[in-house]
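Observations on the model geometry
Below are the chains, spelled out letter by letter.
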Amino acid sequence: MNNPQQFYKKRLAEETDKVHILSQKSHWFILIEISCFIVLLLSVVLAFWTSMISLWTVVGLLSICIWGLTTKIDVRNERTIKACQAVCDVYQHEMEYHKGDFHAFQSYKDYTDSHHEYSYDLDIFGPDMLFSRLNRTVTTGGSDQLAYWFQHLSRDDERQKAVSELSQKEEFVTVFKSQKYTDNNIVNTDKVQHAIDNLFHLSIPSFLVSKPMFYFAWLAIIGFILFVILSLFHIVSGTAALWWGVLQFFAVFFLCSKIIRSIGNVIGNLKEDLIGYIQLISLVEHANFEVNRNNEIKQKLDGAMLSFSQLDSYLKGLDSRNNIFGLVIMNVLFLNDFFLVRKFNRWQKENQATMSQWIKATSTMDAYVSLATMVYNHPETVWPKIIGGNKIVYKAKGLYHPFLGEHAVRNDFEIKDHNYYIITGANMAGKSTFLRALGINYVMAMVGLPVFAEQYEVSCFNLFSSMRTQDDLNRGISYFNAELLRLKQLIHSCKLSQLPTLIILDEILKGTNSVDKLNGSHLFLEAISKMNVSGVIATHDLELSKMSVEQPDVFHNYCFEIQLDSSITYSYKVTPGVARNQNATYLLKKILKENQP
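Residues numbered from 1 in each chain as written. Predicted model: local features only at pLDDT ≥ 70, side-chain atom pairs only at ≥ 80, totals over all residues. Heavy atoms only, no water.

Section: the domain arrangement of the protein
Segmentation of the protein into domains returns domain 1 (1–101), domain 2 (189–377) and domain 3 (385–595). Summarising the inter-unit geometry, the C-alpha centres of domain 1 and domain 2 are found 31 Å apart. At the interface, 7 residues of domain 1 touch 4 residues of domain 2. Both faces combined, the contact of domain 1 with domain 2 buries some 480 Å², and carbon together with sulfur accounts for 44% of it. Among the residues domain 1 hides against domain 2, the three largest losses belong to Asn2, Tyr8 and Tyr97. Together they make up 52% of the total. Linking domain 1 with domain 2 are 0 salt bridges. Inspection of the domain 1/domain 2 interface yields 3 residue pairs in polar contact (both at pLDDT 80 or more). At the level of secondary structure, the elements contributing two or more residues to the side of domain 1 that touches domain 2 comprise α1 (4–49) and α2 (53–98). (Domains from an automatic or database assignment. Contact = heavy atoms within 4.5 Å. Buried area = accessible area lost by both parts, 1.4 Å probe. Salt bridge = Lys/Arg side-chain N within 4 Å of Asp/Glu carboxyl O. Polar contact = N/O pair within 3.5 Å; in protein donor to acceptor, adjacent residues only side chain to side chain. Helix = DSSP H or I, 4+ residues; strand = E, 2+ residues; numbered from the N terminus.)

In structure tokens:
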């Protein structure tokens, strides 16, 4: 079994050393660049003050060449430093994860939904919950895709295989995650998608992209350059060449400026997001996969690199218009705006059908990387066995809640189709945590993750829970009314589902008196047992356990027992039977005794 913490510590040290070495190189590059500049100045001065003009001219040109080459290498070195530092950030945050610090993985938005069938009850969304612990997405689309899988469970064996393969490609996964820290920002998928949709709706006059206009533009360019050359030899008037250039500039500016301004308004602030997509797509394109799903994503991204690079190139073309050289000189000499418009029109036609597919494929891979990181970080987990059929199967050995870590108490439990398990026990004995462990591990299995157990076998079923019902004063909904609405939602979900449903309930009808609560709980369980439903129900009403006497083949009693002595001993083990000991009175007496006047 690998030790992720030790691995991250080792790799962080290696990458930190690499950054240090590269930074030292950068200092040398700066020194060389300064030296070249000084030599260039000296060569200019000495060329004028001495008779060795040729020598100092050569020295000056050589210093310029060395400066240019060094600058190019320095830029590449700085880019490498930035990438290595981003990788260091990844390893640092993964080490913090293993220490219980999840601040670096908080989602860009809150997916919490108190009305969802199970996610609110089962610790899926919210600060320090499951999603915020495993979310490593670098795009908002990847985050949304990952959240969708947790909100809409379905069996996907290929996803599990894809995640398993990626969990073994640590370098690919780390570099992918590091894109978030390269520019310290998550790529905004919605912004990119919205901008691209608007780009495809921009209309360009057909005459600007026609072939005759193309030939006419080149004739104009050649004609102007020819006039300039002829004017140098005084064959034609220089004024004529000047007016040709002025008319050429205003013609292209009049025809193209409005379109270019519209394009710039749409994509002007996409530079960082486009670079992010280019880097992610390039990483996937150069990766080698064996699993079909990962190769399918790679194939779907075929051509994406070129398309996003062309759009980035177009952005750079727009940026070049922000100075007098780019706007005036390039339009006078080469009709730059005209050819930018034609280039954009060609990009529109070639990419309209596939751009959304590329963005979605990148989001899917982004979500897979998060799941793969979870797999790598928890070698103690096991892959679930997911079986077919239209009955509920739930067999777990050594099951525990993922938040409890290696010291958690493991439990064995089996849920059979159309059976109900009434769990009794004292406060803090482990009932609610056990119920959440049943639910959250099933969610993880369906998402494509391994589970926190020694053995785990389940079928596919609908899941519904009711554990954290809350009142809503703004809407005038009392706690008891909120409970009734939740139970109504539960029944509706069970009726609509084409799959059997597993319900996980923690105290039915907590908002009413004990007698009414018992009668209501009894009535509800009798009614729901006639549907295609199985259930696990935690309760303090020991009388509810008598349903196993009435229907012994359907209702079964389990408990979390405690030992009362000079102190309370919690076993956190689920066993058959009904709880005998309670702790509320015991604990209250202890508090009153300790606080006697």
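Overview of the packing of aromatic side chains
Applying the stated rule across the entire model yields 34 aromatic pairs. Seen from their ring centres, Phe172 and Phe176 are 5.9 Å apart, and the 45 degrees between their planes marks the pair as tilted. With Phe172 and Phe176 both in helix α6 (residues 170–182) and 4 residues apart, this pair spans about one turn of that helix. Across this residue pair, the class does not change: Phe172 and Phe176 are buried. Linked through ring pairs, Phe214, Tyr215, Trp218, Phe338 and Phe339 together constitute an aromatic cluster. (Phe/Tyr/Trp six-rings, centres within 6.5 Å; stacked < 30°, edge-to-face > 60°. Buried < 20%, exposed > 50% of the residue type's maximum accessible area, 1.4 Å probe, protein only.)

Remarks on the environment of His27
Mapped onto the elements, His27 comes out in helix α1. Since its relative accessible area comes to 55%, His27 is described here as exposed. Put simply, His27 and Asp74 are 47 residues apart on the chain and 9.3 Å apart in space, counted from C-alpha to C-alpha.

Some details on the nonpolar core
Judged by nonpolar contacts, the single largest core of 123 residues is most densely connected at Phe150, Phe172, Ile267, Phe308, Tyr394 and Tyr456. Ranked by the residues each element gives to this core, the list is headed by helix α15 (residues 355–377), at 12 residues. Among all residues touching Phe172, those that are not within four sequence positions of it are Leu166, Leu283, Val284, Ala287, Phe289, Met365 and Val369. Ile422, Leu490, Leu505 and Ile528 belong to the second-largest nonpolar core, a separate cluster that totals 20 residues. (Core = buried A, V, L, I, M, F, W, Y, C linked by side-chain atoms within 4.5 Å.)

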